[in-house]
2 protein chains.
Amino acid sequence: MRMSELSSTTDTPVPTLKFYLREHLLHAGERTSPNQAQYDDGHVERVRLVRALLEVGGLSVAQAARVVAALDSELPLSSVFGVAQRAVSIPAAIAGDDTTPDAPARPSAGRARIDALCESRGWRVYPNNPGLPLAARVLDTYAELGLQHITDTALEGYAEAADLVAAADLAAVGAVAEPTEMTRTVAAGTVLGDALLAGLRRIAQEAESFRRFPAPPSTTTTTTDPEDC
Amino acid sequence: MRMSELSSTTDTPVPTLKFYLREHLLHAGERTSPNQAQYDDGHVERVRLVRALLEVGGLSVAQAARVVAALDSELPLSSVFGVAQRAVSIPAAIAGDDTTPDAPARPSAGRARIDALCESRGWRVYPNNPGLPLAARVLDTYAELGLQHITDTALEGYAEAADLVAAADLAAVGAVAEPTEMTRTVAAGTVLGDALLAGLRRIAQEAESFRRFPAPPSTTTTTTDPEDC
C-alpha cells in the first residue's frame, strides 16, 4: 500500500508517519520510484505499536526508538525481558539515571532496603536490572520527604503485588508460541502493563477508601455517592 | 530564611525556586522588603515535594500544580483520595483525556470489560474515577495491537495486585494522625507509588522469567549469570 493508505488504515496523519520514519520508529517502505514507496501489514502493525508506546505508554520518542530497536534485533528468549525492560525506563524522568554508574561508591539507604527485599523474596536478577535503581530512588525520595513511614507500612504489600503481576505477565508471555510475537508481547506488555496497573490502582484505592473511611450520610442529592462503575 | 538559604537547604538552584514561585508550585514567602522575602520550613517541605513529583514521579508542571492546589485546599477526609487522584493523571500522555466527556455515546469494549471487572470485584467508585478511562484505554490498545490474549490471561492477576496495593496504600494513610499530613501522604503516595510499583515489577518480572525460562548453561564466564541483587 502507499503511504496515504497506511495513513488511513492506521488513522495516523501522513506528517506523523514521516516523523516516525525520520526518527527510526518505523522502517522504510520498499521504494518503487524516487517519490514513492510501498508499505505492508508489518508497517501497519508497527505504527499501531509506536502510537501505543507514545500515546498510551507515555514514552518519549527516544525511549520508543529503543523499544523498536530491541524488537528488530535477534534475541535469545531468555534475554527478551531484560532487553525490553532496559529499553523502557519508566517514569521518563528516571531515564537520565541510565548514564550514572550502576554501583555508586555508597549505596543509598533505599538501595540497601531493596537489596534486602530481593533477598527476603528470593528475587534473583542481573545487577543492572533497571527496577533496582528506580525502586531505590523512590524509597530515598519518600525518606527525604519525611514519609518513610509509608514505605515501612506498604513495601511488603507492593512487593507481593509485584510478584502477582510478574506471574500474570509471564503467564501471558508463555501462552505465545511465536518467538517474534513473544518479543512484541513483552515490549507492549512492559509499557502498557504499567499504565493498566496505574489505572486499576486508582479504582481499587477509591473503592478501598470508601470501605475504610465511609463518607458521612449525604445531605444533598444522591448523585454524588459512589456506585458500581 | 532567605531564598539563598532555601536554595542550599533543599539543594535546588535559585532560578529553579523562582520558576516554582512563578508556576504556583511554591507559595510566596513573607515579603520583608521590595527585593526580599522570608521562607520557612513549610517552603522547604514544599520544594522537596515538588521535586519528587517532577523528577521521580515524572509529572508535568501543570500536573504538579494541580497536586499542590489540592494540598492547599481544605478537603473532607473522604475526598482526599479522589482529589489527589484526579490531580494526577498518569501516564502524562493520558492527561488530554480529562477534556473528553466521561460518558461517550458508545462505551468501548475495554470500558465494558473494566465495568464488568468492577462488578465482579465489588469495586464501588465515583463514575469520574480517573482509573476507569485509563484502564479502559489500555485494554482497547492491547486489542488494537492484536494482543488481547495478554489481557485475557493477565487481567485478573493485575486486579488482584491492584487490591493488594490499595490495601497497603490505605493502611499507610490510616497510620497518619494529622489531617494535613494525611493529604500530603496521599498526594506523594499516589505519584511515587506508581514509580515504586513499576520498579518492583521489573525486578519481579526478571526473577520470574529466570524461574520459567532458565538460561542455557553459560559457556562463557559466570559474571553474566543473575544473582541476588
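No experiment lies behind these values; they were computed from the predicted model shown. (Residues numbered from 1 in each chain as written. Chains lettered and ligands numbered in written order. Predicted model: local features only at pLDDT ≥ 70, side-chain atom pairs only at ≥ 80, totals over all residues. Heavy atoms only, no water.)

## With respect to the pattern of salt bridges
Pairing is possible between side chains of opposite charge, provided their charged atoms come close. Formally: One side-chain nitrogen of Lys or Arg within 4 Å of one carboxyl oxygen of Asp or Glu is enough to make a salt bridge. For the purposes of this entry, the term helix denotes a DSSP run of H or I that reaches at least four residues, the term strand denotes a run of E that reaches at least two, and both are numbered from the N terminus. For the exposure calls, accessible area comes from a 1.4 Å probe over protein chains only, and a residue counts as buried if that area is under 20% of its type's maximum, exposed if over 50%, partly exposed in between.
By the definition in use, this model includes 24 salt bridges over all chains. We note a salt bridge from E55(B) to R51(B), for which the minimum N-O separation is 3.1 Å. A residue pair is termed a helical-turn pair when its members lie 3 or 4 positions apart in one helix, as E55(B) and R51(B) do in helix α3 (residues 41-56) at four residues. Taking relative accessible area as the criterion, R51(B) reaches 22% and is therefore assigned partly exposed. Several salt bridges share partner residues, and in doing so they unite R121(A), E156(A), E160(A) and D163(A) into one network.

## Considerations on the packing of helix α1 (residues 3-10) of chain A against helix α2 (residues 14-22) of chain A
All names here are of chain A. Going by this rule: Note on definitions: angles span 0 to 180 degrees between N-to-C directions of axes, and those axes are lines fitted to C-alpha atoms, for helices only across the stretch in contact. Geometric relationships in this document are graded by angle, where less than 35 degrees denotes roughly parallel, more than 145 denotes roughly antiparallel, 65 to 115 denotes roughly perpendicular, and other angles denote oblique. Throughout, a contact is declared for two residues whenever any of their heavy atoms are within 4.5 Å. When residues are grouped by polarity, Ala, Val, Leu, Ile, Met, Phe, Trp, Tyr, Cys and Pro land in nonpolar, Asp, Glu, Lys and Arg in charged, and all others, Gly among them, in polar.
Packing of α1 against α2 brings their axes to within 9 Å, and their N-to-C directions diverge by 105 degrees. Between α1 and α2, the crossing angle belongs to the class labelled roughly perpendicular. Each of M3, L6 and S7 in α1 lies in contact with α2, whose residues at this interface are V14, L17, K18 and L21. Looking at the contact of α1 with α2 residue by residue, the class counts come to five nonpolar, one polar and one charged.

## Describing helix α8 (residues 148-174) of chain B
Stated formally: To estimate how far a helix should reach, multiply one less than its number of residues by 1.5 Å. Fitting one axis to the seven residues ending at a residue and another to the seven starting there, the bend at that residue is the angle between the two axes.
Its 27 residues place the ends of α8(B) 37 Å apart at the C-alpha level, agreeing with the 39 Å of an ideal helix rising 1.5 Å per residue. Approximately 50 degrees is the largest bend angle found in α8(B), and it occurs at A154(B).

## What about the packing of aromatic side chains?
We apply this condition: Between the rings of Phe, Tyr and Trp (Trp by its six-membered ring), a pair exists once the centres lie within 6.5 Å; its type follows the angle of the planes, with under 30 degrees stacked, over 60 edge-to-face, and the other angles tilted.
Following the criterion strictly, the structure yields four aromatic pairs over all chains and no others. Centroid distance F19(A) to Y20(A): 6.4 Å. Interplanar angle 55 degrees. Geometry classified as tilted.

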